[in-house]
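# Inside the fold
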Amino acid sequence: MITFTLIFNGGIQVSTCKVAIVQAGSIVMSKEKSINKAIKLIQESGDQGANIIVFPEAFIPAYPRGMNFGAVVGSRSDSGRDDFLRYANNAITVPGPETDQLGAAVKKVGAYTIIGVIERDQHTSGGTLYCTVVFFSPDGKLLGKHRKLKPTGSERLIWGEGDGSTLPVFDTPYGKIGSLICWENYMPLARAALYEKGIQIYIAPTADSRDTWFASMQHIAIEGRCFVLSCNQYSTKDMYEKDLLEREEMKNLPDEITGGGSCIVNPLGEFLVEPVFGKEEILYANLDLDDITRGHFDFDVVGHYARKDVFQLTVNEEKQ
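Residues numbered from 1 in each chain as written. Predicted model: local features only at pLDDT ≥ 70, side-chain atom pairs only at ≥ 80, totals over all residues. Heavy atoms only, no water.

### Notes on the packing of aromatic side chains
The criterion, for reference: Here the aromatic set is Phe, Tyr and Trp, taking the six-membered ring for Trp, and pairing holds for ring centres within 6.5 Å; pairs whose planes are under 30 degrees apart are stacked, those over 60 apart are edge-to-face, and all others are tilted. Here a helix means four or more residues in a row that DSSP labels H or I, a strand means two or more in a row labelled E, and each is numbered from the N terminus. For a lysine, the NZ atom is tested; for an arginine, the CZ atom; a charge sits over a ring if that atom is within 6 Å of the ring centre and within 35 degrees of the ring normal.
Counting across every chain of the model gives 10 aromatic pairs. Measuring from ring centre to ring centre gives 5.9 Å for tyrosine 63 and tryptophan 159, while their planes differ by 70 degrees; the resulting arrangement is edge-to-face. Of this pair, tyrosine 63 sits in the loop between β2 (52-54) and β3 (71-72) while tryptophan 159 sits in the loop between β7 (142-147) and β8 (169-172), placing them 96 residues apart in sequence. One residue, lysine 18, lies across the ring of tyrosine 284, its end atom 5.1 Å from the ring centre. Over the face of the ring belonging to tyrosine 130 we find arginine 147, whose NZ or CZ atom lies 3.8 Å from the ring centre.

Here's what the structure looks like:
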């Protein structure tokens with residue numbers, strides 16, 4: 001049951017909501033199969049009454065863990081170029097027919113839905129891919145997107161850098177929702193930009209399941225006095241297309257390729273749902289949104305605990 005509170009300047013309109021964190025693995029290098037899987041999981045989450053549904057980083061068509069794209073310092077191979085071609089052909093445009101398809105599924109369940117995708121640029125050459133999060137409203141409309149600002153390590157071989165024009169925080173009846181992807185969450189000024197916009201539901205899709213990640217999720221929650229929803233894939237070798245598993249670099253990978261570790265943290269840095277490992281699972285939690293204000297009693301990073309006379313943040317949100 002949803003109970004209503006007063007509305008002040010676009011702030012929280014309801015006091016509780018149910019969230020679903022979809023810890024699942026994409027079908028690597030197949031946007032069609034990954035989209036079909038996403039649609040089924042959206043329906044399952046909606047059937048359980050979720051108001052907000054979150055998917056992992058790069059769910060469509062893949063976080064291609066283990067693949068090297070034939071690159072070493074100083075050279076690239078023909079087979080690696082073919083791998084990039086395949087990856088690009090399974091990326092999506094935003095907006096595009098794939099977001100229309102996902103939006104139709106979202107509309108059926110009526111929940112805010114956030115999905116990690118690989119986006120193919122459609123405004124210039126079409127030759128650059130981005131690690132992107134797309135946001136859907138309950139009516140199935142594409143609200144907007146966030147492109148990862150800084151890919152990490154070998155991700156820079158296959159993904160470009162986003163700019164400040166895709167750092168949205170959206171007003172919803174469940175508070176203000178925004179996202180940073182994986183190790184972007186280690187960028188203090190990127191976090192500060194979202195805090196300045198009043199983020200209350202902080203979405204952190206990731207490919208990291210190490211212990212240090214969970215410490216960061218707790219830190220961000222208590223720093224931003226926000227709910228943090230962290231979502232990682234659980235993937236195994238059988239989720240890869242068979243021909244990929246015949247590659248030499250893939251043979252030494254364990255059967256469990258990505259271990260999960262999705263979790264939900266409240267504004268005081270406490271786990272509402274502890275990290276879950278070793279299986280595909282949808283994690284659910286009911287959020288008491290008044291906990292955000294309770295947390296601000298003694299700490300507001302951009303309010304009474306800020307020193308704007310000493311520190312100032314400038315964010316370039318122009319499209320580059």
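### Structural notes on the sheet that holds strand β6 (residues 129-136)
Applied cut-off: Between any two strands, at least two bridges found by DSSP are needed for them to pair. Only the contacting stretch of a helix is used when fitting its axis, a line to C-alpha atoms as for every element, and angles between N-to-C directions run 0 to 180 degrees.
Taking strand neighbours across the sheet as the criterion, the 6 strands line up as β7-β6-β5-β2-β1-β15 in an open arrangement whose pairing is mixed. Of all the strands in the sheet, the pair left with one neighbour each is β7 and β15 (281-288). The mean angle between the axes of side-by-side strands here comes to 25 degrees, regardless of whether they run parallel or antiparallel. Relative to β2, strand β1 (residues 16-23) runs parallel, the two being bridged by 3 bridges. Paired with alanine 20 across the strands is isoleucine 53, a residue of β2.

### Some details on a nonpolar patch on the surface
Formally: Distance thresholds for patches are 9 Å for like charges and 5 Å for nonpolar side chains (Val, Leu, Ile, Met, Phe, Trp, Tyr), applied to residues having over 30% relative accessible area and no salt bridge. Computed with a 1.4 Å probe, the accessible areas rest on the Shrake-Rupley method; for each residue, only the protein chains presented here act as cover. What counts as a salt bridge is simple: a side-chain nitrogen of Lys or Arg found within 4 Å of a carboxyl oxygen of Asp or Glu.
Residues Leu189, Leu313 and Val315 make up a contiguous nonpolar surface patch of about 250 Å² in total accessible area. Mapping leucine 313 onto the fold places it in the segment after α8 (290-296).

### So, the pairing of strand β11 (residues 227-232)
Rules: Buried residues are those whose accessible area, probed at 1.4 Å on protein chains only, stays under 20% of the maximum for their type, while exposed residues exceed 50% and partly exposed ones sit between those limits.
For β11, the buried fraction is high: 6 of the 6 residues fall into the buried class. Every second residue of β11 is oriented toward a common face, with Phe227, Leu229 and Cys231 on one face and Val228, Ser230 and Asn232 on the other, all of them buried. Sheet analysis places strand β10 (residues 201-206) next to β11, joined by 6 bridges and oriented parallel. Following the sheet pairing, threonine 206 is matched in β11 by asparagine 232. The sheet contact formed by β11 and strand β13 (residues 256-265) spans 3 bridges and is antiparallel.

### Description of unusual backbone geometry
Between isoleucine 60 and proline 61 the backbone carries a cis peptide bond, its omega angle lying at 0 degrees. Tracing the backbone shows proline 61 in the loop between β2 and β3. The linkage connecting valine 94 with the following residue, proline 95, adopts the cis geometry, with an omega of 0 degrees. The topology assignment puts proline 95 in the loop between α2 (78-89) and α3 (97-109). Notably, alanine 58 is not glycine yet its phi reads approximately 55 degrees, a positive angle. In this structure, alanine 58 sits in the loop between β2 and β3. Residue classification places alanine 58 among the buried residues on the basis of a relative accessible area of 0%. Its identity is not glycine, yet arginine 225 carries a phi of approximately 50 degrees, on the positive side. Mapping arginine 225 onto the fold places it in the loop between α5 (211-224) and β11.

### As for the packing of helix α1 (residues 31-47) against α3
Short version of the rule: For this classification, under 35 degrees means roughly parallel, over 145 means roughly antiparallel, 65 to 115 means roughly perpendicular, and everything else is oblique. In this scheme the handedness of a crossing depends on how the near helix is turned from the far one: anticlockwise by less than a right angle means left-handed, clockwise means right-handed. Whether two residues touch is decided by their heavy atoms; if any such pair falls within 4.5 Å, the residues are in contact. Ten residues, namely Ala, Val, Leu, Ile, Met, Phe, Trp, Tyr, Cys and Pro, are considered nonpolar, four, namely Asp, Glu, Lys and Arg, are considered charged, and the remaining ones, Gly among them, are considered polar.
Relative to each other, α1 and α3 sit at 15 degrees, their axes nearing to 9 Å. Of the possible angle classes, the one that applies to α1 and α3 is roughly parallel. Where α1 crosses over α3, the handedness of that crossing is right-handed. Listed contacts from α3 to Lys31, Ile35, Asn36, Ala38, Ile39, Ile42, Gln43 and Gly46 of α1 are Glu98, Gln101, Leu102, Ala105, Val106, Lys108 and Val109. Tallied by class, residues from the contact of α1 with α3 come to 8 nonpolar, 4 polar and 3 charged.

Note that every value here comes from positions in space, so none of it alone points to a role or purpose.
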